[in-house]
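Chains, contacts and geometry: an overview
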Amino acid sequence: MAKQRTEVADIDRSLYDFSYGDSTEKLEAGLTPEIVREISEKKDEPEWMLQHRLKSLEIYRNMPTSDWGPSIAGLDMDNIVTYVKPNTDQKSDWDSLPDDVKNTFDRLGIPEAERSYLAGVGAQYDSELVYHNMQDTASRMGIVYSGIEEALHDPQWEPLIREKFMTLIPPTDHKFAALHGAVWSGGSFVYVPKDTKLDFPLQSYFRLNAKGAGQFEHTLIIVEDGADLHFIEGCSAPKYNVANLHAGAVELFVGKNAHLRYSTIENWSKNMYNLNTKRSTCDEGGSIEWVSGSFGSHVGYLYPMSILAGRKSTCTFTGITFAGTGQNLDTGCKVVLAAPETSASIETKSISKGGGVSTFRSSVVATPKAENSACSVSCQSLMLDDHSRSDTIPAMDIRCKHVDIGHEATIGRIGDDKVFYLMSRGISEEEARTMIVNGFADPVSKELPLEYAVEMNNLIKLEMEGAIG
Amino acid sequence: MGADVLNNVNAMPAPTWHRLGMNETAVELPEGLSFAAQVEVEAAAELIGEAGAFDAAVAALQERVDAARAAGPADTRAILKAVDPDVDPADLDIPALSTYEHKAARQEMANNVAEAFECGMGEQATAWLAEAAGKGAATVFAPAAGKHGQATVRIAGVDGAANVAAIDVVAPAGATFDLTVSLDSPAAGSGVVGVVLRVFAGENAHVNVTSVHTLDETWMALDDTGIVCDEGAFVTVRHRMLGAGKSYTGLATDLRGDLSRVDVDTRYLAAGQDVRDFNYIVRHRGKKTRCNIDANGALMGESKKVLRGTIDLVRGCKGAEGTERETVLLVDERVENKTIPVILCDEDDVAGNHGATIGHVAADQLFYLKCRGLSQEAAEGLFATATLEETALAVEDETVRAGVGRLAGRLGIPYQEVEG
């Protein structure tokens, strides 16, 4: 009998692949100035925001699609509904939500997570936030955690939002940043005052439920000098047989000696085009930590960027990407060392199987101001079969003498010697391979809160099957 | 005389963000260049082969490649389905390939050695160099099977002209061949000095190529190479890009035969406002193929350098290993260094590794040297001196050594004549 390769199964997505019906109010599919005006009007926005949207739309129309990443020819914007309003307003009590919405988040475990270990939760369903709540203790510390649209209507916060909104990610950055600028809806605003340290994380969860729709939430977080925050972002959607689009934006401002950890599990369905943009800037002594898991999606473009603008600011990026059948996930990160004595550490893992394509793409730029800065990049790719693909494209642009930049990358499959070692100690081949793959993902899962590590392990539930011997 | 600007030069197979300015470059040629075709060839007469030898060798290899494909199982991967022109781009079960992944899949399906052949600088630059060298004027070196041969080609700058050599090396089974190419500018002037080199290394053949640039800063160097390796063939390439105001170096290798191997050992220096632009592509197609790309350089003054290195592990190259490493010493404040070491992997049973170290002399090394009375500047100077002296040691040709000495004097780098 011919020896058959041991297979590693795809992610079990049944936990996320469900729907309790569609939202009630949708705008027409497509992208026109009228649709953009209608979104703005529904939100009763200030005039400057409407003008920002219209200008972004113009940029979107005149900007070419990127020619270096996965094809997005299957994404027809004329078929994408850019605004879908759920059949509820925003609540601060789960029981006040309509059953379909409440059941969705119940099944995803969000209310339970809130009770167990979170200081606050925001939940977005299609284009609008449907739930937002924060513990009194956090409120008393002066922390603001609200829907960004709510904050935009608050005279206390509107000027700050106007000052910061889409400055880190300008609409000119790329085509889908421009699209986001035109049709953004929902998302969170977080303000952590000076020297305030929140011991428990805040979390936003984004659920795109509507078929053929787009989700364009905007997250704006400002962590003032000396403050400390852990923010968690989760995303999921049921699978449909037509394309959905996610083009969110995350802008993070980290003050002097402040610290922000931003953890994400992007777990979209396999009909999703995930064209998300995330960016942070750190002042002197500030630090940003990214923990990023990219699963799901038909096509993914995701490169969280850290601009180390202040002396001795730091960045760490820990990421994992799993590309299975039908997926082309182009992920990685960008770092700009723009001040003296900055440092960055990047560690990524990617797994390809079942004909999936995974690309690690990064850029490290050291400007002439980056005296005595350092950056290390390590990326490891694991191929689980011979019909998948895994590429590594790391770019380094160094314009400063006194820097230390190191880069290491490896691509390969599970080594026979490792399997042999484990098998010689009485472990079956299937178990051995599972252990090795779990170990491969371990640097990421250990950075997540326990509950999310469990979720991630669930996501990469790697069932070993197939004949051995 | 042809194009004033060569576009898409040294293009990476898999591009990235355009704003980084690394994907490719445009070469602006000096105005009013004539074509000089003044090339000095030093080789035994029996080594000179016939025009068309390279194409004939590729055609013969194609027959075996076709036979092997016919004997193998059909390839039914989803990635290849994505290339089908009738496929619906909205089909969510087929990965949405990028442009370069699409091209790679098409190339895999075609399995055509001649069509896949490339030189590192890209089609337009290769064609221009061939034209500058004179149509059909390629010097063909073809040692006999199992025999050894060696040749030196000297290309000196001709003021106001493009002086280019076209060279084919066709090494049949078991042959060994050493080729030294010198791009030098013993006389004052300005212009382009270039070489376009095609190498076919037959079964178990061993070809050593050494290319040394010792041009002054008024000259531009274009160094373009394409290599095809048959089973068990081994090609070593030593690039010593020490001079020229602007130098563009492209090298593409098709490791087509099982157990074939290429080693690329590059040393470069750049000073003043020099530009060094490299593009290395190694495509592993045969089983258990090997490549090692090792680049070391020092950037001084306001010089700029880009090094693109792509290891492409094509499906079917089971057991292949590709390694790439670069160490860059940034000597002065205003230098610009760009490095992009790429691994493309379409096969699981492979090992691809790359690493880069960019910066100044390591603290422990510096401490060691300082303990012996050397300043940091002196330690960095040692690196440049060592690069020049190593080149002189490695090359027997007196003209090339003289060029290295002249360059050292111009750059103000301490240099002692060394015996090879």
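Residues numbered from 1 in each chain as written. Chains lettered and ligands numbered in written order. Predicted model: local features only at pLDDT ≥ 70, side-chain atom pairs only at ≥ 80, totals over all residues.

Some words on the overall build of chain A
A count of helices and strands for chain A gives 11 helices and 27 strands. The C-alpha radius of gyration of chain A comes to 22 Å, within 12% of the 23 Å expected for a compact globule of 469 residues. In terms of overall dimensions, chain A has C-alpha extents of about 70 × 55 × 45 Å along its principal axes. Taking as baseline every contact in chain A between residues at least 6 positions apart, the subset at least 24 positions apart corresponds to 83%. (Helix = DSSP H or I, 4+ residues; strand = E, 2+ residues; numbered from the N terminus. Rg over C-alpha atoms; globule rule 2.2 N^0.38 Å. Contact = placed C-beta atoms within 7 Å.)

Here we look at the nonpolar core
Core analysis: the biggest nonpolar cluster contains 263 residues, and Val-223, Leu-260, Leu-308 and Leu-337 of chain A together with Ala-201 and Val-235 of chain B have the highest contact counts within it. Here this core takes nine residues from strand β7 (residues 161-171) of chain B, the largest share from any one element. The contact partners of Val-235 of chain B, leaving out residues within four places of it in the chain, are Val-199, Ala-201, Val-207, Val-209, Ile-227, Cys-229 and Val-262 of chain B. (Core = buried A, V, L, I, M, F, W, Y, C linked by C-beta atoms within 7 Å. Buried ≥ 20, exposed ≤ 12 C-beta atoms within 10 Å, placed from the backbone.)

A word on the domain arrangement of chain A
You can read the domains of chain A as domain 1 (14-415) and domain 2 (416-469). Inter-centroid distance (C-alpha atoms) of domain 1 of chain A to domain 2 of chain A is 28 Å. (Domains from an automatic or database assignment.)

What to know about the packing of helix α9 (residues 416-423) of chain A against helix α10 (residues 429-445) of chain A
Geometry of a packed helix pair, given as the angle between the helix axes and the separation of the axes. Residue and element names in this part refer to chain A. The interhelical angle for the contact between α9 and α10, taken along N-to-C directions, is 120°, at an axis separation of 9 Å. The orientation of α9 with respect to α10, classified from their angle, is oblique. Here the hand of the crossing between α9 and α10 comes out right-handed. Listed contacts from α10 to Lys-418, Val-419, Leu-422 and Met-423 of α9 are Glu-429, Ala-432, Arg-433, Met-435 and Ile-436. A breakdown of the residues in the contact of α9 with α10 according to their chemical character gives six nonpolar, no polar and three charged. (Axes fitted to C-alpha atoms, helices over the stretch in contact; angles between N-to-C directions. Parallel < 35°, antiparallel > 145°, perpendicular 65-115°, else oblique. Left-handed = near helix turned anticlockwise from the far one by under 90°. Nonpolar A, V, L, I, M, F, W, Y, C, P; charged D, E, K, R; others polar.)

Remarks on unusual backbone geometry
All names here are of chain A. A positive phi is found at Asp-44, a non-glycine position, where the angle reads about 50°. Note on placement: Asp-44 falls in the loop between α1 (33-42) and α2 (47-62). For Lys-312, which is not glycine, the phi dihedral falls at a positive 60°.

Examining the environment of Gly-412 of chain B
Topologically, Gly-412 of chain B is positioned in the segment after α8 (398-411). Considered as a pair, Gly-412 of chain B and Thr-385 of chain B are 27 residues apart in the sequence and their alpha carbons are 9.9 Å apart.

A look at the pairing of strand β15 (residues 275-284) of chain B
Residues and elements named next belong to chain B. Of all 10 residues that make up β15, nine are buried, and the element is covered over most of its length. One ladder, built from 10 bridges, connects strand β13 (residues 246-255) with β15; its direction is parallel. Bridge pairing in β15 places Thr-249 opposite Phe-278. Direction of pairing for β15 relative to strand β17 (residues 304-313): parallel, over a ladder of 10 bridges. Its bridge partner being in β17, Val-282 is matched across the sheet by Ile-311. (Pairing = 2+ DSSP bridges.)

Looking at the confidence of the model for chain B
Residues with a pLDDT of 70 or more make up 99% of chain B, whose mean pLDDT is 92. The ipTM, which scores confidence in the relative placement of chains, is 0.92 for this predicted complex, and the corresponding pTM is 0.92. (pLDDT = per-residue confidence, 0-100.)

Digging into the confidence of the model for chain A
All names here are of chain A. Averaged over all residues, the pLDDT of chain A is 87; the fraction at 70 or higher stands at 90%. Every residue in residues 1-10 scores below 50 in pLDDT, and together they form 25 contacts with partners more than four places removed in sequence or on other chains. The low-confidence segment residues 462-469 (pLDDT under 50) makes 21 contacts with residues lying over four places distant or belonging to another chain.

A word on helix α7 (residues 376-394) of chain B
Every α-helix winds through 3.6 residues per turn, so residues three or four apart in the chain are directed the same way. Residue and element names in this part refer to chain B. Its 19 residues place the ends of α7 27 Å apart at the C-alpha level, agreeing with the 27 Å of an ideal helix rising 1.5 Å per residue. Glu-380, Ala-384, Thr-387, Leu-388, Thr-391 and Ala-392 are the residues of α7 that are buried. Down the axis of α7, the buried set is contained in an arc of 135°. They therefore lie on one face. Buried positions along α7 lie against β10 (206-214), β12 (234-241), β14 (261-270), β16 (290-299), β18 (321-330) and α8. (Expected span 1.5 Å × (residues − 1). Arc of directions from axis to C-beta.)

Topic: the pairing of strand β19 (residues 305-308) of chain A
Residues and elements named next belong to chain A. A two-sided burial pattern is seen for β19, the buried positions comprising Met-305 and Ile-307 on one face and Ser-306 and Leu-308 on the other. Note that strand β16 (residues 277-282) and β19 share four bridges and pair parallel. Paired with Thr-281 across the bridge in β19 is Ile-307. With four bridges connecting them, β19 and strand β21 (residues 328-337) associate as parallel partners. Bridge assignment links Ile-307 to a residue of β21, and that residue is Val-336.

Some thoughts on the packing of α7 of chain B against α8 of chain B
All names here are of chain B. Where α7 contacts α8, the axes come no closer than 9 Å and their chain directions differ by 165°. One way to sum up the angle between α7 and α8 is to call them roughly antiparallel. Classified by chirality, the crossing of α8 by α7 is left-handed. Judged by residue contacts, Leu-388, Thr-391 and Ala-392 of α7 engage Arg-401, Val-404 and Ala-408 from α8.

Some remarks on the interface of chain B and chain A
Facing 49 residues of chain B, the contacting portion of chain A comprises 51 residues. The set of elements that each furnish at least two residues to the side of chain B that touches chain A consists of α2 (78-81), α3 (99-110), β19 (336-345) and β20 (351-359) of chain B. Taken together, the residues that form the side of chain B that touches chain A break down as 25 nonpolar, 12 polar and 12 charged. Relative to β19 of chain B, strand β25 (residues 389-398) of chain A runs antiparallel, the two being bridged by six bridges. If you follow Ile-398 of chain A over to β19 of chain B, its bridge partner there is Asn-337 of chain B.

Points about the domain arrangement of chain B
Partitioning chain B into structural domains gives domain 1 (5-55 + 117-360) and domain 2 (73-110). On a C-alpha basis, the centroid separation for the pair domain 1 of chain B and domain 2 of chain B is 31 Å.

Observations concerning the environment of Ala-144 of chain B
Residues and elements named next belong to chain B. On the secondary structure map, Ala-144 appears in the loop between β5 (139-141) and β6 (148-156). Judged by the 14 C-beta atoms lying within 10 Å of it, Ala-144 falls in the partly exposed class. Sequence separation between Ala-144 and Glu-123 is 21 residues, and the spatial gap between their C-alpha atoms is 30 Å.

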